[in-house]
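Okay, here's what each chain looks like letter by letter:
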Amino acid sequence: MVKMIPKRIHCMSEIKRGDHLSVNRKGLYDHHFLTLENGTKGHKFLKVIHYSGNMSDYSSALTFGTVKEENIQIDPDREIITAIYYEKEPGDTECYFDDPETVITRAMERKGEQKYSPTRNNCEHFVTWCFLGEEICKQLDESTWKKILAYLVEKLDPMNVVMIGGKIALQRLNKQLKF
């Protein structure tokens, strides 16, 4: 078993190529990504690879999300940014996590993938797989789903929730959460 150790980022210069970072989005969920460059003090843009999506770009909720390499804007002064570090549990001989270049190579092999699933293949699953070869999502617990449901009930009227093939596509969610 591997221990995932979170560390709050206070300055862009703390960010290193190959870091697993997460940014809290409106208190609802954490968006996870892999950095492709070192952070620079005073600079607010960072090249990353991650599962990215915008519902208006897709005709169906079934294809929502693509593994993309892009520049994103982050600001440690205004957002909660966390680096996730991996540590082997004492006595564990099976788990592994690779050096940053191997992790990045693994991520780039999935560039363009469109197999997003909020419960089985999301941004956190993607980044942990790049490090561990195993898809793990720590934020998918009961409390997360309660927050999501409360947010949807408060922010969206029923006319904006559309059923597509048994899955819910939220037409205004990308505007409200700014994916």
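Anything mentioned here points back to the structure above.
This section reports on the structure supplied with the text.

What counts, and where the lines are drawn
Residues numbered from 1 in each chain as written. Predicted model: local features only at pLDDT ≥ 70, side-chain atom pairs only at ≥ 80, totals over all residues. Heavy atoms only, no water. Phe/Tyr/Trp six-rings, centres within 6.5 Å; stacked < 30°, edge-to-face > 60°. Helix = DSSP H or I, 4+ residues; strand = E, 2+ residues; numbered from the N terminus. Salt bridge = Lys/Arg side-chain N within 4 Å of Asp/Glu carboxyl O. Buried < 20%, exposed > 50% of the residue type's maximum accessible area, 1.4 Å probe, protein only.

1. Considering the packing of aromatic side chains
Next up, step 1: The final tally for this structure, using the stated rule, is 3 aromatic pairs.
Next up, step 2: Both rings, one in Y51 and one in Y116, keep their centres 5.5 Å apart while their planes meet at 70 degrees; by these two values the pair is edge-to-face. With Y51 in strand β4 (residues 45-52) and Y116 in the loop between α1 (100-109) and α2 (123-132), the pair connects residues that are 65 residues apart, well separated along the chain.
Next up, step 3: Here the aromatic rings of Y86 and F131 are separated by 4.7 Å at their centres, their planes lie at 25 degrees, and the arrangement is stacked. Of this pair, Y86 sits in strand β6 (residues 81-88) while F131 sits in helix α2, and the two are 45 residues apart along the sequence.

2. A word on the pattern of salt bridges
It is possible for side chains bearing opposite charge to pair when their charged atoms get close.
Next up, step 1: Counted by the stated rule, this structure contains 10 salt bridges.
Next up, step 2: E79 is paired through a salt bridge with R25; the nearest N and O atoms lie 3.0 Å apart. Remark: R25 occurs in strand β2 (residues 20-25) and E79 occurs in the loop between β5 (66-73) and β6; sequence separation between them is 54 residues. Here E79 matches R25 in class, with each residue buried.
Next up, step 3: Residue R110 pairs with E113 through a salt bridge whose shortest N-O separation is 2.8 Å.
Next up, step 4: When its relative accessible area of 10% is taken as the criterion, R110 is described as buried.

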